[in-house]
Every structure is written in C-alpha cells, then in structure tokens.
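# Structural overview for review
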Amino acid sequence: PIFFQERGVYLVDSPMFRYVESVPIETPKIILGSRKIITVKEGMVGVSHHKGQLKILPPGRHVIEDEEHVFDEFLSTQQKSLNLTKDSNPSQLLMVCESRELVRIGIQASVFYNIRDPKLAVIKIGDVKDIENFINDTATAVITTIIRTTSLAEIAQSGHAMEKGTGMMGGEQQHQQLQRQDSGAKEGEDFEPNLPFFDRMHADFISRLQENFLNEYGIFMLNVRIGDFKVLDEDISQSIANHASTTAATQAKLANLEGNRQIDLVNKDSDFRIERMQADVDAHRMTTNARAKAQAMKEEAQAQAEALKIQAGARMEATKLEAEARAASIRVIAEAEAEATRAKGDAESERATKLGSIAFGREVTLAEIHANMVEKSMAGVQKVVYLPTEMQKNPFALFSQDALSGVAALAQGKH
C-alpha cells in the first residue's frame, strides 16, 4: 500500500496500480491494507493490539506498518456522563426502584466519570460499549440498594427541597463539597440523618464505588446526579402532593411571619440609628459652641494681654524718656553750677589777685577769712560775746588767731 501525503500530480504507469480513495489528512483513522495512519486527539487514546498484546496509543500521529498491529477504537479519557437505565434499556427514561415500604419509585439518574487508566479499564472490562454497560449496571445496582433501605418520607422531603432550588449540584464541585460535609459512609453503615436524602445517597454512592472503581478498573467516579423521581403508585403520589402543598402553605406562612419580624427589626434599627444620629448632631453642636466660646475667651485674653503689654511698653518708654530728661536736666544744672563755680572761682581768684597787689586788699582778704572762720566757729552759739576793752579800739584784734582761739575755747567750755 502506498500513501500519497504531499499535494501534487502523480503519474503512475503500472497495470498493478489501483486508486482507492482520497481522505482529509486530519481523518482520525486512515487504513489501507496493512498500513494505518492513526491520529489520536488530546483527551483520547487509541486502543490497538499487536500480536494479541494490548497497545494504548497516546495522543499524536501514529503510522503503523505491521499488519499484525490491529487498531480497534478510540477511547475518551475526558469527563463523560451516562444516563442510568435498568436492564441497559435506553428507551426507559426512569429507573424503577422500590423504597423501604416496597413503594415503586421511578428515578432519573446519571453518573459522571472519566477513565484514568485506559489499559486497566480495557483489560478488566473491555471496549467502550462494555465499559458503559458495566458502569450502568453497577451504578444502577448501588442506587437500587440505597433506595431499598430508605423510607418514602425521606425521599419525598428531599424531592420537595430540590423543587425549591436546594437540589444537587453538578460535576466534581458537588462531589468535593459533599466530601467536605461527609467523610464518607462505608458500606453497611446507616446514613447521617441531618443530610437530605439525595445528598446522603450521593455520599454513599461515591464512597461505595469511587475508590473501588479507580483501583480495580482505572475509572474515577466523579458524581451521581438525581434529576427527577416519581412515585409510580397514583394514590401515594397524590397523598405526597397534598402533603407537599400543606407543607408549602405552612412554610409560606412562616416565611411571612419571619418577613414581618425582619421588617420590625429593620424599623427598630432605623429608629435607633436616627436617635443615635440626632444625639451625635447635638453633641457635635455642643462641642462646636464650647470650642467657639473657648476660642472667643482665648482671643479676648490675648487682646487684653496685648493691650497690657502695649501699656507697659508705653509706661516704660515714658519712664525712660522722663529719666533721660531728668538726667539731661541734672547734667545741664551740674554743668551750669560747675560753670558758675568755675566762674566764681575765677572771679574770686582774680579779685584775690587784685586785692593782694595792694596792702589794703590783703587786709580785706584776711578779714573775710577771719569772718568766715568766726561764722563757722560761732555756728549754734546763742550768747552775746563781750569784747575786751583793748579790742574796742581795734575791732580787728578780735579776729587774730590768738583771740579767736581763746573765744572758741571759752565758747566750748561754757556751752
């Protein structure tokens, strides 16, 4: 077999040549006799057998020349969903189970999985169809067993909760959340009564199959989803519907009461907030007024202090000017007195010089000296002094040194 993989015109002149067909180069499986070109995309693997041995082809382009190497099919390793049906009947939308009370229930369920170890899955189970049938049969059996141990009341309550929007989540996110809520109930253990039925069924289903499927078949069970359920007994179904209506009405009343309570709480909280805001406004107003008064008092005190400071400065300046004026006046007076004294001294000196130049002048000068001496010696004397007879003829004899000394001694002795 010959593959022409390049574009162009080919001329073959041989009676043994036979043209088979043209296919796109991206065709996943191209087989011509013993030659094969297998293109495996990401998220897929190729299943083939070489001389009876299983060969898994990873993503990529594979050219197989050996005629003993047979390609079987592609196997997806992506997440897949499988709708569960009893007896592998795809036309049957609901899987029929029985509750603990032997009430027939139809459940629509699907499982999500991906193949982690393709080689182990193919060896243990078989091709793609076999794997899907195996997962369907095993999951159906587990769900049937779980529902068989559950009362109808639990199932009905969970179904009512799902109708109100609290049902199962999808994909691996739901599985992770339920693993956080429940560490996993082992086979044979009772369910936790605080979880809704479908949540508990999910946790029990995962705990029964996930680890076993991964270790034994290389298949990881991600999630189980319950889409819908129906009680197949009409009488019981009507009774459940009536009960659900009553429950819904009761819950509506409770919701109204809770709403009214919340409204009251909101109103009270609003009133409290308004009062608190008013109190804050009043406190702010009082604080502002107090600050304004304090500022006014401070400014007034500063103005008074400044006025006192100015007055003190003025007084100090006036005192300084007065002192300077007095000092200047005293200095002028002193200078005038000094000048007068100097002039008087000069005049007296000149007079004395002139008087000393004549005999009479000397006598006059001596008489003035004696007069001054007598005036100072007789200071405070309140008595009459009698002159001796010999001094009457010469009045100036009293003022001789000897006479003055005697008079002074006499005055001091009788005083």
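Use the structure listed above.
For every chain, the first residue of the written sequence is number 1, and numbering continues from 1 onward in sequence order. In keeping with the model being predicted, local features are shown solely for residues with a pLDDT of at least 70 and side-chain atom pairs are shown and tallied solely at 80 or more, while totals for entire chains, interfaces and linings include all residues. The basis for every side-chain value is the complete set of non-hydrogen atoms in the structure, without hydrogens or water.

### A short note on the overall build of the protein chain
Rules: Runs of H or I in DSSP of at least four residues are treated as helices and runs of E of at least two as strands, each being numbered from the N terminus. Exposure is judged per residue with a 1.4 Å probe applied to protein chains only, and the accessible area is read against the type maximum: over 50% gives exposed, under 20% gives buried, and values in between give partly exposed. The criterion used for residue contact is that any of the two residues' heavy atoms lie within 4.5 Å.
Within the protein chain, the regular secondary structure consists of 9 helices and 10 strands. Taken across its 415 residues, the protein chain has 24% of its residues classed as buried. Taking the contacts inside the protein chain whose residues are at least 6 apart along the sequence as the reference set, 68% of them involve residues at least 24 apart.

### Here's the deal with the nonpolar core
Applicable threshold: By nonpolar core we mean a set of buried residues, namely Ala, Val, Leu, Ile, Met, Phe, Trp, Tyr and Cys, connected to one another through side-chain atoms within 4.5 Å.
Among the nonpolar cores identified, the biggest contains 41 residues, and Val111, Ile135, Ile143, Phe205, Ile219 and Met221 are the most heavily contacted of them. Among the secondary structure elements, those contributing two or more residues to this core are β3 (44–50), β8 (95–98), β9 (104–115), α1 (118–124), α2 (128–148), α3 (152–166), α5 (197–217) and β10 (219–231). Sort the elements by how many residues they give to this core and α5 lands first, with 8 residues. Discounting residues that sit within four places of it in the chain, isoleucine 219 has contacts with Tyr113, Asn114, Ile115, Ala121, Ile125, Ile131, Ile135, Gln210, Phe213 and Leu214. Residues Val40, Leu57, Ile64 and Phe71 belong to the second largest nonpolar core, which totals 5 residues.

### Here we look at the side chain of asparagine 114
This is how the line gets drawn: Any N or O atom pair separated by 3.5 Å or less is treated as a polar contact, with the protein-specific requirement of one donor-capable and one acceptor-capable atom, and with residues adjacent in sequence counted only for side-chain atom pairs.
By the element assignment, asparagine 114 lies in strand β9. By relative accessible area, asparagine 114 is classed as buried at 13%. Reaching out from asparagine 114, the side chain makes a polar contact with the side chain of arginine 116 at a distance of 3.4 Å. Contacts of asparagine 114, omitting those with residues within four sequence positions, involve Thr77, Gln78, Gln79, Gly218, Ile219 and Phe220.

### Looking at the sheet that holds β3
What links the strands of a sheet is backbone hydrogen bonding, and the strands pair in either a parallel or an antiparallel sense. Where we set the bar: Any two strands between which DSSP finds at least two bridges are classified as paired. In this analysis, axes come from line fits to C-alpha atoms, helices being fitted only over the stretch in contact, and the angle between any two N-to-C directions falls in the range 0 to 180 degrees.
Spatially, the 3 strands line up as an open sheet ordered β4-β3-β6, and their pairing is antiparallel. At either end of the open sheet lies a strand with only one pairing partner, and these are β4 (53–57) and β6 (69–76). With direction set aside, neighbouring strand axes in the sheet form an average angle of 25 degrees. Bridge count for β3 against β4 is 5 bridges, and the pairing is antiparallel. If you follow serine 48 over to β4, its bridge partner there is lysine 55.

### Notes on the layout of surface pockets
Quick reminder of the rule: With a 1 Å grid laid over protein atoms only, a set of points is called a cavity when a 1.4 Å probe fits there but cannot get out and a pocket when it is open yet has protein on both sides within 12 Å along at least five of seven lines; lining residues have an atom within 4 Å of a point. Grid points are joined across faces, edges and corners, and a volume is the space filled by probe spheres set on the points. Classes in brief: Ala, Val, Leu, Ile, Met, Phe, Trp, Tyr, Cys and Pro nonpolar; Asp, Glu, Lys and Arg charged; the others, Gly included, polar.
Its boundaries defined by the atoms lining it, the largest pocket holds a volume of some 800 Å³. Along its surface, the largest pocket is lined by 24 residues, and Ile2, Phe3, Phe4, Glu21 and Ser22 are the ones closest to its centre. The leading source of residues in the lining of the largest pocket is strand β1 (residues 29–32), at 4 residues. Residues of the lining of the largest pocket, tallied by class, amount to 16 nonpolar, 3 polar and 5 charged.

### Observations regarding unusual backbone geometry
Of note in the backbone geometry, lysine 51 takes a positive phi value of approximately 55 degrees without being a glycine. Relative to the assigned elements, lysine 51 resides in the loop between β3 and β4. Located in the positive-phi region is leucine 102, a residue other than glycine, with phi close to 65 degrees. Within the secondary structure layout, leucine 102 lies in the loop between β8 and β9.

### Points about the side chain of serine 110
Inspection of the secondary structure assignment puts serine 110 in strand β9. When its relative accessible area of 10% is taken as the criterion, serine 110 is described as buried. Not counting the four nearest positions on each side in its chain, serine 110 is found in contact with Leu82, Asn83, Leu84, Asn223, Val224 and Arg225.

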